[in-house]
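As a plain string of letters, each chain reads:
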Amino acid sequence: MFKSLKSLSLGVVAAALMAGVAHADVTVYTAGPQSLIDKMSEGFTKETGIKVNVFQATTGKVMARIEAEASNPVVDVLISASWDTATDFEKRGWLVKYSSPNAAKVPDFLKSDYAVAQGISALGIAWNTKSGTPKPTEWADLTKAEYKDMVNIPDPAQSGSSFELTAALAGQDEFKLFKDLQANGAIIAGANAEALNPVLQGAKAAVFGAVDYITLAAKKKGESIDVIFPASGTVIAPRPAMILNWSKNQDEAKKFIDYMLSDAGQKLVAAQMLMPARTDIPADRPLIGDLKLLKFDNAAVYGKRKETLGEITKIFGGK
Amino acid sequence: MQADYGTGISSPTPVPMTIDPSTSNAAVSAAGLELHYGATPVLRGIDLSLGQGKTLALLGPSGCGKTTLLRLVAGLLAPSKGSVAIAGQIVADAATNAFSPPEKRNLGMVFQDYALWPHMTVGGNVSFPLEMRGVSRADRERRTLHALDRVGLSAYAGRRPSDLSGGQQQRVAIARAIVAEPQLILFDEPLSNLDRELRENMVGELAELIASLGLTAIYVTHDHSEALTLADQVAVMRGGLIEQLATPDELVAQPATPEVADFLRLGGIAELERRDACWVFRNSDIALMRADEGRTDNSRVLIPVAAITPGDIQPDRLAATVLRSQFRGDGHLATVSLIGADHVELQVLSRHKLKPGDGVGLLIDHDQIRWFAHPVHSPQ
Amino acid sequence: MAAKSIGGPAPAAWLAIAGLVLVVVVPFVAIVLQAIFPNLGQGSFSGPFSSFIATLNDGALIGMAGNTILLGACVVLASALMAVPLGVFRALYRVPGAALFDVLLLVPFMIPPYIATLGWIMTLQPRGYLQQLLGFNLSPFLFSLAGMTMVMAFNTFPVVYFAVSRTVEAVGARYADVGRVFGATPARAFWRITLPLSAPGLAASLMLVFAAAIEEYGTPAALGRRAGFQVLVTGIDLRISDWPIDLPGASIMSLLLVGLSLVTFLGQRWILSRRSYQTVNGKPTSKDKRPLGALKLPVVLAFSIVSFLATGVPLLSILATALSRTISGGLAFDNLSLDNFLAVFQNSAGALGALANSFSLGIGTALITGLIGVTAAYTVVKTKIRGRLAIDTLTIIPNALPGIVVAVGLILAWNMPWLPVTPYNTGFILLLAYCCILLPQPMRYATAAFQQIGDNLEAAARVFGASGVTAFRRILLPLVFPSLASAMLLVFALASRELVASVVIAPVGMQTIATFIWRQFEQGSIGLGMAMAFIAILITTLLPLTLLALLKRSGLVAE
């Protein structure tokens, strides 16, 4: 009786452990929201019968995993939160050239020979409407006394778009804005969601440079929170999807990209409060045309990444 | 009520330093002592008194309450009713809630499990009571060595208790108990963890020690030979009561009840009834002896071992069958059952070995039979 | 056959060795090799020790190591300050409601530390539950070394509390009373007898707390970053799971952490072996305990406050968050909603899959560690075969291997390109990690159980015709089963909530309870994460209790 119990439970364990991997046909690593990739996989599997295996984490963790697995890689499709990844991987020669037929309606600046955007997020000020602070309209508003000790900044070292915003704004005034923020008690508070969570409960009033779709989704759920895109300009982060050249399932991977850019796939993107990559898909949120974008030299900014992060660390201390 | 002994925190009622006249000349006395755990009575009314320099043995089977009585004297428990006095001073009285904690009672104690403190050396253990009494260091060393010398362990002062054998550990425990020359020493089955030979030697040593130091002691044991060897007074306990309190000689000569006689293994117990002019073993047709007038109709008797002479089966002797037999040093002690009265078991001492199943004839000296006054119905 | 006819030892030993090599040796050796040969991943043994200089010269490393020790020491101090007085009162006095307090102080074991931390954040941060209820917050305190210390101490002090109350209880009953008979006042008996006799047990439990504190990830990660307080574990995590990764650096830091744990663990063993006083014979009974008298109220108050802080605050905060429709809605009646619990049961974001995965892994880990533990313990305690010392040593290593190190080692070992098959990227890698981390539990329990079984019991079985294997199965195994079963239940509870290793090596597409919760927090779905946490705590607390009750009823487990 004990024996049969043991073999039974061992069987259950083995089955549960194998379930994740054995029947997977295409493996997607994504830095996007879990619920988006879940719904997209579900739709894709329903349409094509191909199963999808997902690893979801922050961009940094996704990249680390790919690097750790470099000698024995399993990822077929990568969806990053930073276009820089696509540029870097293309340079390394890790990507497969592919132009999806569904990418026709994607504007040129959101696609290359090797990568195409899944959707776009923008950075803004996430502000708790019940915080008792006046509604901020500009980045510099957050250095005012009303926001003393009430501002979180996502860590630019952990988020590509945060870094771009930091670099672009810092380039305008030699880090003065950030020094003022620090003087006003603003702190660097981990990755995007980590910075946002305290604002939801009201521990902080605002996130300086919050990823918009997370905030918009929270607002849709009923949280008393809003996103403000400053008129002086902000940055956007197209989220590139790419196929890795070591993939043994390239046909399935291409089908996945096609589905991602299909009407159904793009509607799922819009439902997550991201801007869809295709211009012909409607979305219930401000689109690229509604935003003023900060101008900066991408290559120069990334060339000085270490220096910029070092300066920020110096200003905000810690680590 | 649950028992407790006071602490520095619970601030027990101060002990009145009055001397109870009725107990003033006793080293230890107890009056109307009772202890209950919840509804369960453990002691049901104990009265005793022990003179200075005397040894009292508390003898009885396990669960009779003897160790509980000792812990009440030690102050490790407090009585539910009644009082305890040591050297004429009341140390615990349930009526007045007076209670003096163990450290105020000037005691020595030897435990069944030795209870040597494992983190101290042998010397550290023995000198502890002196330290607590504020004896100077030089004096402590001298007296510790002297006490260890008395038990033959002066060379072991620097050792750990765990390095010693069981017998040596118990000697250390004894040294610890006597070192401060307390007014009263309590022994809680001190020898029961030792093997027989060692135990017999230690009984002798203990008796010598108690006599030479003139100790006042209470000695708890379930071994009647230990009790009868060591004690001036023996209290045989049963079911939370003292069945008989007497000197060893009285106890053997005149056990108060069949149970006492049985526990002391003085001989066989039998129930008799008067039929015609004979005393007959109850529920049988076997007659023991002629019946005199004036006695009750039935009675219980002790037929001591010494009253029976075994021999061949003859008409004037009671016929019996040997059940079992054990060598006892001075002969073979056999337990036999009477033919025709199987339920009666008697003890016989025989020069030669008796085998189970053998028949034997018993000649009984009627004068040595001890008659118990009233039939007592055993609780079993 | 020849070996078998000699007895059970040989098969048991081989099983133990095979299991230990797979579970312990492989990841440990991988770390050591990676630390020495930085290019090992590329299959090259070039540049040995070259990373040592770079890593050890890094000023931040000294800071992290210093912070690790500082945090460990603070947690030990705080745990001792809370646990020792409570433990002593529990042991020596009749504390009203003592049994209830024991249960309440056991619950912190069941609350995963990272969840408790998030509960504290939700409570103490500005506009947190404390401010919503009482109008003030303790944010500056929480996000500091003091805050981290408090949260971690509330999680670990029960170890000390139970160790102290048990040893003091036994010592007090057996030895301190003897001291009083020989003239010591209660205070002197406590200082001269009870305290020295309890000290080894106390010290050992404090070292256990230290080892747990330096391995902890969730609390320093959630609270320390804000305070600019990096410890070795968060440093390793950063190097291994964030881009760009630095495996040689992570390995060297891992070895540093292993060194710290090892010193602690060896210290603990040394204390226990040198000055452990067997007090098994003590029969502590409540009737021997003293009344508290005037101290009754303050002591009960202290027990209540500590229980409330250690158990009540985290649990209530978790529940409040899980039951909130929106976080910004706060503690308002119209914000009450079961949505988050419904979401878990509707398998939102793979919640049910995560539960099933974790419980399967928990069962698997319990069975495997139970098997390795019982065979290894048997070999070490009951046989005289050569190599049992090696087995003993191997079972010691996991004590000093923090979860993150095990995870790093497993990645290094099983992600080699030339391996024909690898558990990496399957659930088995998690199974291996959990087994390595939790192996010491069944080993410790089984060793103690075997030591209490006289050699003659097995000999008797052999004399009456049982083979070595049969004697082991029919005689020894049933005798150690009660201890083993409790250890396996503990393993189940701990494995099903393991976070550190899971976050690093969970295979693609596989979530566990801990990674699910962690991910919900990372994505801003705090309520869903807390609902999952509450369900997991409930199940990991109730399931083992129910099983124990059933086993007790069937007479399989004593006490």
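Residue indices begin from 1 for each chain and proceed along its sequence in written order. Think of it this way: whatever chain is written first is A, whatever ligand is written first is 1, and the rest follow in order. Per-residue local features of the predicted model are confined to residues with pLDDT of at least 70, and side-chain atom pairs are confined, for both listing and counting, to 80 or more; whole-chain, interface and lining totals are unaffected and use all residues. Water and hydrogen atoms were dropped before computing side-chain values, which therefore reflect all heavy atoms in the structure.

**Some thoughts on the sheet that holds strand β16 (residues 308–311) of chain B**
Sheet strands line up and pair through hydrogen bonds in the backbone, either parallel or antiparallel. Residue and element names in this part refer to chain B. Pairing within the open sheet is antiparallel, and its 5 strands lie in the order β16-β20-β17-β18-β19. Each having just a single partner strand, β16 and β19 (341–350) make up the two edges of the open sheet. Averaged over all pairs of adjacent strands, the angle between strand axes in this sheet comes to 40 degrees, irrespective of strand direction. Think of it this way: DSSP has to see at least two bridges between two strands before they count as a pair. The way it works is that DSSP assigns letters per residue, a run of H or I at least four long becomes a helix, a run of E at least two long becomes a strand, and they are numbered from the N terminus. Where strand β18 (residues 332–338) and β19 come together, 7 bridges link them in antiparallel fashion. Counted as the bridge partner of T335 is Q347 from β19. To define axes, lines are fitted to C-alpha atoms, for helices over the stretch in contact only, and angles between the resulting N-to-C directions are given on a 0 to 180 degree scale.

**Some thoughts on the interface of chain A and chain C**
In this complex, chain A contributes 54 residues to the contact, which on the side of chain C involves 55 residues. Buried area between chain A and chain C, summed over both chains or domains, comes out near 4,800 Å², and the portion from carbon and sulfur atoms is 54%. Salt bridges are identified by distance alone: a Lys or Arg side-chain nitrogen within 4 Å of an Asp or Glu carboxyl oxygen. For the pair chain A and chain C, the interface holds 0 salt bridges. Counted as a polar contact is a pair of N or O atoms within 3.5 Å, where, for protein atoms, one must be capable of donating a hydrogen and the other of accepting one, and residues adjacent in sequence contribute only when both atoms are in side chains. At the surface where chain A touches chain C, the tally comes to 14 residue pairs in polar contact (both at pLDDT 80 or more). Residue assignment for the side of chain A that touches chain C shows that the elements contributing at least two residues are α1 (2–19), β1 (26–30), α2 (34–48), β2 (52–56), α3 (59–68), α4 (83–92) and α7 (192–201) of chain A. Element by element, the count of residues in the side of chain A that touches chain C is highest for α1 of chain A, at 8 residues. Residue contacts follow a heavy-atom distance rule, with two residues in contact if any of their heavy atoms lie within 4.5 Å. Buried area is a sum: the accessible area each of two parts loses on coming together, probed at 1.4 Å, counted once for each and added.

**Observations regarding the domain arrangement of chain B**
Residue ranges for the domains originate in an automatic or database domain assignment. Split into domains, chain B comes out as domain 1 (21–253) and domain 2 (266–372). Domain 1 of chain B and domain 2 of chain B are separated by 40 Å when their C-alpha centres are compared.

**As for unusual backbone geometry**
Within the chain, F175 of chain A stands out as a residue other than glycine whose phi angle is a positive 70 degrees. When you line up the elements, F175 of chain A lands in the loop between α5 (160–173) and α6 (176–183). The phi dihedral of E189 of chain B is positive, around 40 degrees, even though this residue is not glycine. Relative accessible area decides the class of each residue, using a 1.4 Å probe on protein chains only: under 20% of the type maximum gives buried, over 50% gives exposed, and in between gives partly exposed. Taking relative accessible area as the criterion, E189 of chain B reaches 11% and is therefore assigned buried.

**Some details on the pairing of strand β9 (residues 236–243) of chain A**
All names here are of chain A. Summarising burial for β9: 8 of the 8 residues are buried, a large majority. Across 7 bridges, the pairing between strand β4 (residues 115–128) and β9 is antiparallel. By the bridge assignment, I120 is partnered in β9 with P238.

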